[in-house]
Amino acid sequence: QVQLVESGGGLVQAGGSLRLSCAVSGRTFSTGTMAWFRQAPGKERVFVAGITWSGGSTFYADSVKGRFTISRDNAKNTVYLQMNSLKAEDTAVYFCAATIGLSTAPSSYEYWGQGTQVTVSS
């Protein structure tokens, strides 16, 4: 069974930075995609950033492009989300997720972490 555990969330002022980590344990993927999603109170869960395990190809939501960077360390079975120039609108619970495919749709992801809260104060 695949387990994903996020960490690194917290409170930061607008313009600041945070780095989220997602540790993967159990069965790992040699192919497929790891991604970050976020969900603000009262809103739907939306795609933030994704990366393929095998090739390291990345893709981002327009709302975070140029500010966020997704990366992975296959040896450590860990995926990261570096968040810079944070805005109040980035406040949400951030989830990491995994799928054997390539998608930005939450419904395509089979495995999910528990989420970590990111709060950006203005």
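See the structure shown above.
Since the structure is predicted, the reported quantities are computational estimates derived from the model, not experimental observations.

A.B. asks: Can you walk me through the state of the cysteines in this structure?
C.D. replies: One covalent bond between the sulfur atoms of two cysteine residues makes up a disulfide. By the definition in use, this model includes one disulfide. One disulfide in the model links C22 with C96; its S-S distance is 2.1 Å. Linking C22 and C96, the disulfide has an S-S dihedral of approximately 60° and is accordingly described as right-handed. With C22 in strand 3 (residues 18-26) and C96 in strand 9 (residues 92-99), the pair connects residues that are 74 residues apart, well separated along the chain.

A.B. asks: Help me out: how do you make sense of the environment of I100 in this one?
C.D. replies: When you line up the elements, I100 lands in the loop between strand 9 and strand 10 (111-112). Along the backbone, I100 and T31 are 69 residues apart, and their C-alpha atoms lie at a distance of 6.3 Å.

A.B. asks: How should the environment of A61 be read in this particular structure?
C.D. replies: Along the chain, A61 falls in the loop between strand 6 (58-60) and strand 7 (68-73). The sequence separation of A61 and F47 amounts to 14 residues, and the corresponding C-alpha distance is 6.5 Å. Apart from residues lying up to four places away in sequence, A61 is in contact with F47 and V48.

A.B. asks: Just to check I follow, could you spell out the pattern of salt bridges for this structure?
C.D. replies: Overall, the coordinates contain three salt bridges when judged by the stated rule. A salt bridge links D90 to R38, with the nearest nitrogen and oxygen atoms 2.8 Å apart. Here D90, found in the loop between strand 8 (78-83) and strand 9, pairs with R38, found in strand 4 (residues 33-39); they are 52 residues apart in sequence, far enough to count as distant. Grouping residues by exposure puts D90 and R38 together as buried. Across the pair D62 and K65 runs a salt bridge whose closest N-O atoms are separated by 3.7 Å. A relative accessible area of 68% places D62 in the exposed class. Here the salt bridges share partners, and the residues they tie into one network are R38, R67 and D90.

The rules we used
Positions within a chain are numbered from 1, following the residues in the order the chain's sequence is written. Residue-level local features of this predicted model are given only where pLDDT is at least 70; pairs of side-chain atoms are given and counted only at 80 or more, and the full residue set underlies all totals for whole chains, interfaces and linings. Calculated side-chain values reflect all of the structure's heavy atoms, with hydrogen atoms and water omitted. Cysteine sulfur atoms are paired as a disulfide whenever they fall within 2.5 Å. Helix and strand definitions follow DSSP, with helices as H or I runs of at least four residues and strands as E runs of at least two, each counted in order from the N terminus. Contact criterion: two residues are considered in contact whenever any of their non-hydrogen atoms come within 4.5 Å of each other. Definition used for salt bridges: Asp or Glu carboxyl oxygen within 4 Å of a side-chain nitrogen of Lys or Arg. Each residue's exposure class comes from its accessible area (1.4 Å probe, protein chains only) as a fraction of the maximum for that residue type: buried when under 20%, exposed when over 50%, partly exposed otherwise.

Keep in mind these values describe shape, not function.
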